[in-house]
There are 2 protein chains.
Amino acid sequence: MLTVALVDAQLELIPSSITNHVSVVRSARKRGKPAEKMLLDSSLHHSAMQKLPDANRRGRPDIVHVFIMLCLDSILNQMGELRCLVHTVNDQLITVAPETRIPRNYNRFVGLMEQLFEKKSVPEDSPLLTLREPISATDFVEECRCGGNRIVLFSERGREVRLSKYFKELKESSITCLVGGFPHGDFAEELYTLADDVLSIYPTNLKAWTVTAEILVNYKNALLS
Amino acid sequence: MLTVALVDAQLELIPSSITNHVSVVRSARKRGKPAEKMLLDSSLHHSAMQKLPDANRRGRPDIVHVFIMLCLDSILNQMGELRCLVHTVNDQLITVAPETRIPRNYNRFVGLMEQLFEKKSVPEDSPLLTLREPISATDFVEECRCGGNRIVLFSERGREVRLSKYFKELKESSITCLVGGFPHGDFAEELYTLADDVLSIYPTNLKAWTVTAEILVNYKNALLS
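Note that the structure is a prediction, hence the values are computed from the model and not measured.

1. Remarks on the pairing of strand E7 (residues 175–180) of chain A
All names here are of chain A. The buried fraction of E7 amounts to six of the six residues, a majority that puts the element mostly inside the structure. Here E7 shows a buried face lined by Ile175, Cys177 and Val179 and a second buried face lined by Thr176, Leu178 and Gly180. Examined bridge by bridge, strand E1 (residues 2–9) and E7 share six bridges and lie parallel to one another. Counterpart to Val4 in the pairing with E7 is Cys177. Relative to E7, strand E6 (residues 150–160) runs parallel, the two sharing four bridges. Bridging across to E7, Ile151 finds its partner in Thr176.

2. Structural notes on the packing of aromatic side chains
Counted by the stated rule, this structure contains eight aromatic pairs over all chains. A ring pair is formed by Tyr166(A) and Phe167(A), whose centres lie 5.7 Å apart and whose planes are at 65°; its orientation type is edge-to-face. Each member of the pair Tyr166(A) and Phe167(A) is classed as buried. Judged by centre distance (5.2 Å) and plane angle (80°), the ring pair of Phe182(B) and Phe187(B) falls under edge-to-face. For the pair Phe182(B) and Phe187(B), a shared accessibility class is recorded, and that class is buried. A network of ring pairs unites the aromatic residues Tyr166(A), Phe167(A) and Tyr219(A) as a single cluster. Its end group placed over the ring of Phe182(A), Arg57(A) keeps NZ or CZ at 4.1 Å from the ring centre. When the ring centre of Tyr192(A) is taken as origin, the NZ or CZ atom of Arg157(A), which lies over that ring, is 3.8 Å away.

3. Some points on the side chain of His21(B)
Relative to the helices and strands, His21(B) is located in the loop between strand E1 (2–9) and helix H1 (22–31). The residues touching His21(B), leaving out its near neighbours within four places in the chain, are Ser47(B), Ala48(B) and Lys51(B).

4. Details of the environment of Val86(B)
Residue and element names in this part refer to chain B. Mapped onto the elements of the fold, Val86 is located in strand E2 (residues 82–88). Look at Val86 and you get buried, because its relative accessible area is 0%. Counting along the chain gives 78 residues from Val86 to Asp8, while the straight-line C-alpha distance between them is 8.3 Å.

5. Comments concerning the interface of chain B and chain A
With 37 residues of chain B in contact, the opposing surface of chain A contributes 37 residues. Buried surface at the junction of chain B and chain A, both sides included, amounts to about 3,100 Å², of which 52% is carbon and sulfur. Our enumeration of links across chain B and chain A arrives at four salt bridges. Among the ionic pairs, Asp62(B) bridges to Arg104(A), the shortest N-O distance being 3.8 Å. For the pair chain B and chain A, the interface holds 19 residue pairs in polar contact (both at pLDDT 80 or more).

6. Some remarks on the sheet that holds strand E5 (residues 129–132) of chain B
Residues and elements named next belong to chain B. Reading across from one edge, E4-E5-E3-E2-E1-E7-E6-E8 is the order of the eight strands in this open sheet, with mixed pairing throughout. Of all strands in the sheet, those bounded by a partner on one side alone are strand E4 (121–122) and strand E8 (197–200). Alignment of E2 against strand E3 (residues 93–96), held across four bridges, turns out to be antiparallel. Counterpart to His87 in the pairing with E3 is Leu93. Across the sheet, helix H3 (residues 61–72) is in contact with E1, E2 and E3; its angle to E2 comes to roughly 170°. The strands touched by helix H5 (residues 106–119) are E3, E4 and E5; relative to E5, the strand with the most contacts, the crossing angle is about 50°.

7. Observations regarding unusual backbone geometry
For the peptide bond that leads from Val122(A) to Pro123(A), omega is -15°, which places it in the cis range. Mapped onto the fold, Pro123(A) is located in the loop between strand E4 (121–122) and strand E5 (129–132). With an omega of -15°, the peptide bond between Glu133(A) and Pro134(A) qualifies as cis. Mapped onto the secondary structure, Pro134(A) falls in the loop between E5 and helix H6 (137–146). One non-glycine residue, Asp8(B), lies in the positive phi region at around 55°. Even without being a glycine, Asp54(B) presents a positive backbone phi close to 55°. Along the polypeptide, Asp54(B) turns up in the loop between helix H2 (46–49) and H3. Classification of Asp54(B) by relative accessible area gives exposed; the value is 53%.

8. What to know about the environment of His45(B)
Residue and element names in this part refer to chain B. By secondary structure assignment, the location of His45 is in the loop between H1 and H2. Considering only alpha carbons, one finds His45 and Val141, 96 residues apart in sequence, at a separation of 31 Å. Leaving out residues up to four positions away in the same chain, His45 has contacts with Ile14, Ser23, Val24, Ser27, Met38, Leu39 and Leu40.

9. Considerations on the nonpolar core
Membership of the largest hydrophobic core comes to 108 residues, with the highest contact counts inside it found for Leu2(A), Ile68(A), Phe167(A), Ile215(A), Leu2(B), Ile68(B) and Ile215(B). Once residues within four sequence positions are removed from consideration, Ile215(B) is found in contact with Leu2(B), Val4(B), Phe154(B), Leu163(B), Phe167(B), Cys177(B) and Val179(B).

10. A closer look at the pairing of E5(A)
Residues and elements named next belong to chain A. The two faces of E5 differ: Leu129 and Leu131 on one face are buried, but Thr130 and Arg132 on the other face are not. The pairing of strand E3 (residues 93–96) with E5 spans four bridges and is antiparallel. In the sheet register, Thr95 faces E5, and the bridge partner there is Thr130. The antiparallel hairpin formed by E4 and E5 contains six residues in its connecting segment.

Reading the values: the criteria
- Residues numbered from 1 in each chain as written.
- Chains lettered and ligands numbered in written order.
- Predicted model: local features only at pLDDT ≥ 70, side-chain atom pairs only at ≥ 80, totals over all residues.
- Heavy atoms only, no water.
- Buried < 20%, exposed > 50% of the residue type's maximum accessible area, 1.4 Å probe, protein only.
- Helix = DSSP H or I, 4+ residues; strand = E, 2+ residues; numbered from the N terminus.
- Pairing = 2+ DSSP bridges.
- Phe/Tyr/Trp six-rings, centres within 6.5 Å; stacked < 30°, edge-to-face > 60°.
- Lys NZ or Arg CZ within 6 Å of the ring centre and 35° of its normal.
- Contact = heavy atoms within 4.5 Å.
- Buried area = accessible area lost by both parts, 1.4 Å probe.
- Salt bridge = Lys/Arg side-chain N within 4 Å of Asp/Glu carboxyl O.
- Polar contact = N/O pair within 3.5 Å; in protein donor to acceptor, adjacent residues only side chain to side chain.
- Axes fitted to C-alpha atoms, helices over the stretch in contact; angles between N-to-C directions.
- Core = buried A, V, L, I, M, F, W, Y, C linked by side-chain atoms within 4.5 Å.

Shape is all these values report; function is a separate question.
Here's what the structure looks like:
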């Protein structure tokens, strides 16, 4: 079983300090929704975000969207061998059930995430997406390790490997892969300490979806070989 | 060099027969744009589309968006070994330059495609995206073949293969892979006739992005092995 977790995912509601900014007010009016119940989105709230710390890193629901779609629609998920998790910048852990049908339209995905932040599970009667909080990244990774998982972090700073070979030679089949859910910068230093392996699959910085596709395809290949 | 082409891509402007429908008028007003210059989008124009032939297949710019992002951000593209093409349902061929930075936000992507339909190339001074029309799918595939490419079609109806093995054993390194850009149904029958190989990589119907990820990762692995 493979667990793929997007960590430090830049998925959060609009912080109260900027709900009065003109670009936020405008997008709230357009949606007919209170700003504090809306997701922060750098493509809409760019100017408002300049006041926030780590402005150039935040407000990226699109990364989470593509990540979840790739996971759920992968062959590995259809084989019943995948667990898909998202750990957000605000220490929330989102579990995505394998049978979830995630909206392929971005705007509908945003609506679904906003509902999840409000209700903590959707749909309410038989939840497919659940949100647990607060749980720190280190606690969540420790939980995975206690469940018998090898923890593998993907970072430019890691040891260079061919992923196809790495998965084939690995003795454990229970692995948790940690993929960065942010556009710039690095993981928190504790994650490097916690990881059993830190891997680099290409010398340059890769997008979260590129790393995710590499993991899903190569792990599935190794499983079938 | 690998060419990946999304074929029968459901990317088109709103047909004139439905520009007066209430859901289309509403979304045109919201965008402040004439309906006939806007992309058809099944998540916005669902009710209006019921009047159109092949309604449940059409209006899927989201498939094109994820396809292009996966291609451009792939390791293969960074290695300079990828050509990314989109052939639409209306016989338009879109060429995406490897250095293109595609908007990661869906709504901005839609705006860019609308500009491309209008101008035929964007940006106008030094084009990264170009649109050629009309060119039929069969003519376009013949062009690829004349350029020395092996034509490989991905379909549930194809011969079952392990893609990692298939690419490794292939003698040609110039391949054009055809991936369906539609959510339901099948390719036109001529494409089956034209293809040198028709491959199935999993017994069920897969999403375009799942097939694309499998192609990109496995071809790159074979190239590096």
